[in-house]
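Report on the structure
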Amino acid sequence: MTTSDIKLIEDTKTFLKQQLQDAEGGHDYFHTERVLNNAVKIAKGENCNLLVVQLGALLHDVADSKFHDGDESRGPQIAREFLSKQEVATEVIEQVIIIIENISFKGGNFDQKFKSIELDIVQDADRLDAIGAVGIARTFNYGGFKNRALYNPEITPNFSMTKEEYKKSDSPTINHFYEKLLLLKDKMNTETAKKIAQERHQFMELFLENFFEECGTKGF
């Protein structure tokens, strides 16, 4: 990477620290930093545009639609305006915007329409931060933020949610493991991410086993 690329990454970090200073704990700057670190690690084994990967990882949650009344256009708009002010090449900006627009899980039945190695890497990096120990912590943090029930054995997970149902779901936090987190291991794109995901998936399975044992139930 060139000196100007390195400066751009640092300027983007500074911008995001300010932009996300009041963000919910699971979607704050530290989440973005973890996704960036994951992305760089994965990118080492792939033939990709590292600048696009880093910018995509940094800006993927610049304005998460969950916290903006479901508006999926706000994030790409803010990212485009920031990158344009930094005089980033149009081709790079467009690739970053495509990553932001396509990275989200959106429910188990959503078929992604766009593919690129840079998107694959950033998507894997983001999904890795949603599972394992950090993923568990983020899930319960968000559930508390939304004032959701911890667990209700009478409300079973919905395994066939549409995109809209997924966005509007207010089911107990523990259900989210079955509606999203436990599905991510098999949705990884790169070999590096698949290996990391396997370990984190097993950690979640152990957690859930202990959780239901302590609750005196058999789980779902």
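Before going into details, it helps to say that this report is about the structure given with it.

How each quantity is defined
- Residues numbered from 1 in each chain as written.
- Predicted model: local features only at pLDDT ≥ 70, side-chain atom pairs only at ≥ 80, totals over all residues.
- Heavy atoms only, no water.
- Helix = DSSP H or I, 4+ residues; strand = E, 2+ residues; numbered from the N terminus.
- Buried < 20%, exposed > 50% of the residue type's maximum accessible area, 1.4 Å probe, protein only.
- Lys, Arg positive; Asp, Glu negative; His and termini not counted.
- Salt bridge = Lys/Arg side-chain N within 4 Å of Asp/Glu carboxyl O.
- Contact = heavy atoms within 4.5 Å.
- Phe/Tyr/Trp six-rings, centres within 6.5 Å; stacked < 30°, edge-to-face > 60°.

**Comments concerning the side chain of Asp124**
Mapped onto the fold, Asp124 is located in helix α6 (residues 117-128). One buried charge, Asp124, has no salt-bridge partner; the nearest side chain with opposite charge is Arg127, at 5.4 Å. Excluding residues that lie within four positions of it along the chain, Asp124 makes contacts with Ile42, Lys187, Met188, Asn189, Thr190 and Ala193.

**Details of the packing of aromatic side chains**
For the structure on display, the rule yields 14 aromatic pairs. Summarising the aromatic geometry, the rings of Phe15 and Phe82 are spaced 4.3 Å apart at their centres and angled 15° between planes, so their arrangement reads as stacked. In this pair, Phe15 sits in helix α1 (residues 3-19) while Phe82 sits in helix α4 (residues 74-85), placing the two residues 67 residues apart along the sequence. This pair shows no difference in class: Phe15 is buried, exactly as Phe82 is. Their ring planes at 75° and their centres at 5.9 Å tell us that Tyr151 and Phe220 sit as a pair that is edge-to-face. Here Tyr151, found in the loop between α7 (132-145) and α8 (163-168), pairs with Phe220, found in the segment after α10 (191-215); they are 69 residues apart in sequence, far enough to count as distant.

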